Amino acid sequence: GAVVSQHPSWVICKSGTSVKIECRSLDFQATTMFWYRQFPKQSLMLMATSNEGSKATYEQGVEKDKFLINHASLTLSTLTVTSAHPEDSSFYICSANGQRFPYEQYFGPGTRLTVT
Amino acid sequence: AQKVTQAQTEISVVEKEDVTLDCVYETRDTTYYLFWYKQPPSGELVFLIRRNSFDEQNEISGRYSWNFQKSTSSFNFTITASQVVDSAVYFCALSGATNKLIFGTGTLLAVQP
């Protein structure tokens, strides 16, 4: 149980375009979803926290207009990187937790974004 | 403020050696959770263990063991008889009252055959 999927697993896009990444909890209802970014050989950095039906809370230094997060249902959150630039190239990982285990986050497999 | 320190950036061992990965944390929360994750080259995080702040019992799972000591704010991870498949980046993480996970910088473990 507690499986989280991400789509796509990797994506290449041209500079200036927007990219949407989906995060789904497959077998549980996710009350909260988290989005992380990981640059090569670095740690995971939390970008934002989202609760179903409400606006995401962004961490300091993360541009909310650039990284649009929509948590439309208890099983789906999306991250849209708008007007992507090469410096946005990174590994994006989502996680989710549910009411049953609020202190444990279940991670998706990640999405590798390359902006050319 | 919450912080997780993994002082060992890279460790290289030969297969069958024992290896300990260090983790030191800082938090003002009285209730908190500590985690260890493994990240192989594929990138997907693999959950290894969760420990809450009220449970200082050491845990053993096969070749893996964890030593939680509140007195020194440490949560160290030992792999016994390491194998090549253990090669990965290992992250220690802390979650407190906000439920946000704070990750350490990770330790790259290379197990040589």
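Our subject is the structure listed above.
Residues numbered from 1 in each chain as written. Chains lettered and ligands numbered in written order. Predicted model: local features only at pLDDT ≥ 70, side-chain atom pairs only at ≥ 80, totals over all residues. Heavy atoms only, no water.

### Comments concerning the overall build of chain A
Counting its regular elements, chain A contains zero helices and eleven strands. Its helices and strands taken in sequence order, chain A reads β-β-β-β-β-β-β-β-β-β-β from the N to the C terminus. For chain A, the C-alpha radius of gyration of 13 Å lies close to 13 Å, the compact-globule estimate for 116 residues. By its C-alpha atoms, chain A is 40 × 25 × 20 Å across when sized along the principal axes. Counting over 116 residues, chain A shows a buried share of 51%. A separation of at least 24 residues holds for 55% of the contacts in chain A among residues at least 6 apart in sequence. For chain A, the exposed area adds up to about 5900 Å²; of that, 52% sits on carbon and sulfur atoms. Computed over 10 positive and 9 negative side-chain charges, the separation of the two mean positions in chain A equals 4 Å. (Helix = DSSP H or I, 4+ residues; strand = E, 2+ residues; numbered from the N terminus. Rg over C-alpha atoms; globule rule 2.2 N^0.38 Å. Buried < 20%, exposed > 50% of the residue type's maximum accessible area, 1.4 Å probe, protein only. Contact = heavy atoms within 4.5 Å. Areas by Shrake-Rupley, 256 points an atom, 1.4 Å probe, with all protein chains shown as cover. Lys, Arg positive; Asp, Glu negative; His and termini not counted. Charge placed at Lys NZ, Arg CZ, Asp CG, Glu CD.)

### Let's talk about the interface of chain B and chain A
Size of an interface: often given as the accessible area lost when the parts come together. Across the contact, 18 residues belong to chain B and 20 residues belong to chain A. Summed over both partners, the interface of chain B with chain A comes to about 1500 Å²; 54% of that surface belongs to carbon and sulfur atoms. Viewed at the interface, chain A and chain B are joined by two salt bridges. Note that A:Glu104 and B:Arg50 form a salt bridge whose closest N and O atoms lie 2.2 Å from each other. At the surface where chain B touches chain A, the tally comes to five residue pairs in polar contact (both at pLDDT 80 or more). (Buried area = accessible area lost by both parts, 1.4 Å probe. Salt bridge = Lys/Arg side-chain N within 4 Å of Asp/Glu carboxyl O. Polar contact = N/O pair within 3.5 Å; in protein donor to acceptor, adjacent residues only side chain to side chain.)

### Description of the sheet that holds strand S1 (residues 4-7) of chain A
Residues and elements named next belong to chain A. Strand order in the open sheet formed by four strands is S1-S3-S8-S7, with antiparallel pairing between adjacent strands. Each end of this open sheet is capped by a strand with a single partner; those strands are S1 and strand S7 (67-73). Neighbouring strand axes in the sheet, compared pairwise and without regard to direction, differ in orientation by 15° on average. Pairing geometry for S1 and strand S3 (residues 19-25), over four bridges, is antiparallel. Bridging across to S3, Ser5 finds its partner in Arg24. (Pairing = 2+ DSSP bridges. Axes fitted to C-alpha atoms, helices over the stretch in contact; angles between N-to-C directions.)

### Observations concerning the nonpolar core
Nonpolar side chains in soluble globular proteins tend to end up buried together. Among the nonpolar cores identified, the biggest contains 26 residues, and A:Trp35, A:Phe67 and A:Leu113 are the most heavily contacted of them. When sequence neighbours within four positions are dropped, the list of residues in contact with A:Leu113 reads A:Val11, A:Cys13, A:Val19, A:Val81, A:Asp88, A:Ser89, A:Ser90 and A:Tyr92. Core analysis: the second largest hydrophobic core is formed by 24 residues, B:Val13, B:Tyr32, B:Trp66 and B:Leu109 among them. (Core = buried A, V, L, I, M, F, W, Y, C linked by side-chain atoms within 4.5 Å.)

### Quick word on the side chain of A:Glu104
Examined against the element boundaries, A:Glu104 turns out to sit in the loop between strand S9 (90-97) and strand S10 (106-107). Judged by its relative accessible area of 7%, A:Glu104 is buried. Of note is the side chain of A:Glu104, whose polar atom sits 2.2 Å from the side chain of B:Arg50. For A:Glu104, the contacting residues outside a window of four places in its chain are A:Ala96, A:Asn97, B:Phe35, B:Phe47 and B:Arg50.

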